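If you want the building blocks of each chain, they are given just below.
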Amino acid sequence: MATFRCFRTGMLVNSSILTCRNTISKQVVRNANKKPKWLSAYLKEQYNRRLAAGPEPERHPEKFGCWNYDCEIYAFGKRFGEEFNENLLKQAFMFSSYVENERARREDLDINLDTDNISIEDNEQLAIKGGEIAERYIKAFLRHSYPLLFEEGICAIQKYLMSDESLHYVASNLGFKDLIKTMEYPPEDDKYCTAFKAVVGALAESQSVQRAEVFVKDFVLPQLIGKDINEMWEVVNPMGLLNSLLTVLGRGAPEPRLLHQSASQTMMAVYHVGIYSDKELIGRSPGESVTIAEEMAAREALKHLMKTSDYRPPLPIGKQAENIKLDYEKKNISLEQLSQKLLQNSEQRITSGIS
Amino acid sequence: MTHSTIPSAFLKNVLHNGVGRYVCQLQRITLSFCKSHGSSRGMRDFIENHLLEFTNANPGVVVYLKPRRHKAPRIVEAITVHNAQMDEICKWVEFMKTRSGEKILRLEKKWHTDNPSIQGIWDPTVNKSTSLNIAEFPSEEFSKFIETEQSTTEKLRELAKNIKNVKMRLSVL
């Protein structure tokens, strides 16, 4: 009140200054605009208490009054242009901790759980189903796109796409945060991942497995844009792998050659190593020492042979992928199969040598 | 504030939106207004005339209506549409609907790519022949002037040759 009065007097004085400046003494103006003595201490105390209390905890929008879960669930499906069974979609967002809490609450209220129409089941089964659909589809899609990449590489890319980190990023950007039903808010990172898989499972049960696969293709696979897929699969011995691959392909053994070197006695030393097979350059790379350059060149050659070089065409996502027919049974060659072939080849050679 | 102190960002898009399929990033919108006050007139008109049309066209957006007595009308507590006309509110709602979902910041450039160079980073050995490694200098081969364009003398010579050919052909006829 005091502040208000003070402000008002100030206004009055100011307006009177404008009208009859000469009649008001400077003394009056100074007193009128002066803040009360207690105000600064009061504000300082308020500020310190705010700091001591810490930041506000993040609260669910429900707490602010405007929230209708049924509408949100309806809009969630419509946003992606999918027809969900709403009960299944609700189940996909429900976690066991919430379900247990809800059951206990209903028991307290003497609601019979068996005759109750509102089902409360957690999303575990849906998540398992959705996870399987997503894994199967992603692998088949990658095998179709990279037919020469080793099976281990395909698995590594699939694992990256379906890692907690990646799915958390996807799900949080698709608006899962407020819909997930757990006891804590905001939900933990792994909850997003499970909920995403459960939504895929719910979509498969609501419509068809094909629709669920299209959902995975549209939202999970674009995560590969701008990523280096060769980094995802760690090749321990690239030169050994290159050697065995070339032998199986019936080409000459890899031959590393130093192409260029510069500033070799300095901190900025650079060596360019090229790898030749049958006098043909199959990979080259720079490196700060000859061994590093050789290893990197072997990796380049492998990328070249597996057709996963940096200049490969982009993944057919979106409209281009509509007419792709995937073979779910076909698998790419694995490292184990490669070594078996290598063994067979060497055995044949030995037997032919003896005869 | 100077240009350099204003926070800036590169052009980006939520989840590569539109690569797979386009998803409207507006999830929910709250329209708060007063049922009687004059400043909410435009908002009330919007609700009466355009809201159903909007919700039918955008089933993915949840609309909450929040009547608040004698308060200024707002859209999502962020945009005050005090005394605004219905058309203006239509524009604000459309603006919210077509947002990308990223924060509005000053753009460093109006385009962005994850792969700035297709052919890789240039270094002194790019396109350098390895035959230089074993060449002895001064070398005649590498000392030659490399002509990229036809010289005028050569052009004239070719022209003269063509004229001769035409004359020969005419004489034969």
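Residues numbered from 1 in each chain as written. Chains lettered and ligands numbered in written order. Predicted model: local features only at pLDDT ≥ 70, side-chain atom pairs only at ≥ 80, totals over all residues. Heavy atoms only, no water.

1. A look at the confidence of the model for chain B
For chain B, mean pLDDT is 90; residues scoring 70 or higher make up 99% of the total. ipTM for the predicted complex: 0.78, alongside a pTM of 0.83. (pLDDT = per-residue confidence, 0-100.)

2. What about the packing of helix α7 (residues 124–145) of chain A against helix α8 (residues 151–161) of chain A?
Residues and elements named next belong to chain A. Axis separation between α7 and α8 bottoms out at 10 Å; the angle between their running directions is 130°. Here α7 lies oblique to α8, going by the angle between them. α8 is crossed by α7, and the crossing has right-handed handedness. Note on element contacts: α8 touches α7 through Glu-151, Ile-154, Cys-155, Ile-157, Gln-158 and Leu-161, opposite Glu-135, Ile-138, Lys-139, Leu-142 and Arg-143. Across the contact of α7 with α8, the residue classes break down as 6 nonpolar, 1 polar and 4 charged. (Axes fitted to C-alpha atoms, helices over the stretch in contact; angles between N-to-C directions. Helix = DSSP H or I, 4+ residues; strand = E, 2+ residues; numbered from the N terminus. Parallel < 35°, antiparallel > 145°, perpendicular 65-115°, else oblique. Left-handed = near helix turned anticlockwise from the far one by under 90°. Contact = heavy atoms within 4.5 Å. Nonpolar A, V, L, I, M, F, W, Y, C, P; charged D, E, K, R; others polar.)

3. Observations regarding the sheet that holds strand β1 (residues 255–262) of chain A
Residue and element names in this part refer to chain A. Spatially, β1-β2-β3 is the arrangement adopted by the 3 strands of the open sheet, whose pairing is antiparallel. In the strand order of this sheet, the two ends are held by β1 and β3 (280–287), each with one partner. Taken over all neighbouring pairs, the strand axes of this sheet differ in orientation by 20° on average, direction set aside. Pairing between β1 and strand β2 (residues 270–277): 7 bridges, direction antiparallel. Among the inter-strand pairings, Pro-256 is bridged to a residue of β2, identified as Ile-275. In this fold helix α13 (residues 238–248) packs onto β1, β2 and β3, with an angle of close to 20° to the strand it touches most, β2. In the packing of helix α14 (residues 290–306) onto the sheet, the strands contacted are β1, β2 and β3, and the crossing angle to β3 comes to about 135°. (Pairing = 2+ DSSP bridges.)

4. Structural notes on the sheet that holds strand β4 (residues 74–75) of chain B
Residue and element names in this part refer to chain B. Spatial strand order, β3-β2-β4-β5: 4 strands in an open sheet with mixed pairing. In the strand order of this sheet, the two ends are held by β3 (62–67) and β5 (79–80), each with one partner. Bridge count for strand β2 (residues 28–33) against β4 is 2 bridges, and the pairing is antiparallel. Each bridged residue has a counterpart across the sheet, and for Ser-32 the counterpart in β4 is Arg-74. Strand contacts of helix α1 (residues 41–49): β2, β3 and β4, with the helix running at about 130° to β2, the strand carrying the most contacts.

5. A look at the nonpolar core
Residues and elements named next belong to chain A. Phe-76, Phe-93, Phe-176, Phe-196, Val-199 and Leu-242 are the most contacted members of the largest nonpolar core, which has 84 residues in total. At 10 residues, helix α10 (residues 189–206) tops the list of elements feeding residues into this core. A domain-level breakdown of this core finds at least three residues from each of domain 2 (69–225) and domain 3 (236–347). (Core = buried A, V, L, I, M, F, W, Y, C linked by side-chain atoms within 4.5 Å. Buried < 20%, exposed > 50% of the residue type's maximum accessible area, 1.4 Å probe, protein only. Domains from an automatic or database assignment.)

6. Examining the side chain of Arg-44 of chain B
Residues and elements named next belong to chain B. One can find Arg-44 in helix α1. Buried within the structure, Arg-44 lacks any salt-bridge partner; its nearest side chain of opposite charge belongs to Glu-48, at an N-O separation of 5.8 Å. Contact partners of Arg-44, with chain neighbours within four places excluded, come to Phe-33, Cys-34, Lys-35, Ser-36 and His-37. (Lys, Arg positive; Asp, Glu negative; His and termini not counted. Salt bridge = Lys/Arg side-chain N within 4 Å of Asp/Glu carboxyl O.)

7. Structural notes on α1 of chain B
Among the residues of α1 of chain B, those classed as buried are Gly-42, Met-43, Arg-44, Phe-46 and Ile-47 of chain B. Buried residues in α1 of chain B make contact with β2, α2 (51–57), β3, β4 and α3 (86–97) of chain B.

8. Let's talk about the pairing of β2 of chain B
Residues and elements named next belong to chain B. Extensive coverage of β2 is indicated by the burial of 6 of its 6 residues. Alternating positions in β2 separate into two faces, Arg-28, Thr-30 and Ser-32 on one and Ile-29, Leu-31 and Phe-33 on the other, with burial throughout. Where β2 lies against β3, 6 bridges are found, and the strand directions are parallel. Across the sheet, residue Arg-28 finds its bridge partner in β3, namely Val-62.

9. Notes on the pattern of salt bridges
With the rule as written, the count across this model stands at 29 salt bridges over all chains. In this structure, Glu-56 of chain A engages Arg-59 of chain A in a salt bridge whose closest nitrogen and oxygen atoms are separated by 3.3 Å. What makes Arg-59 of chain A partly exposed here is its relative accessible area of 41%. When the shortest N-O distance is used, the salt bridge between Asp-178 of chain A and Arg-28 of chain B registers 3.2 Å. With Asp-178 of chain A in the loop between α9 (164–173) and α10 and Arg-28 of chain B in strand β2, this pair bridges two chains. Accessibility classification places Asp-178 of chain A together with Arg-28 of chain B in one group, the buried group.

10. A short note on a negative patch on the surface
Residues and elements named next belong to chain A. Together, Asp-164, Glu-165, Asp-189 and Asp-190 line one region of the surface with negative charge. Elements with a contribution of two residues or more to the negative patch: α9 and α10. Considering the arrangement of structural elements, one finds Asp-190 in helix α10. (Patch = residues over 30% accessible without salt bridge, like charges linked within 9 Å, V, L, I, M, F, W, Y side chains within 5 Å. Areas by Shrake-Rupley, 256 points an atom, 1.4 Å probe, with all protein chains shown as cover. Charge placed at Lys NZ, Arg CZ, Asp CG, Glu CD.)

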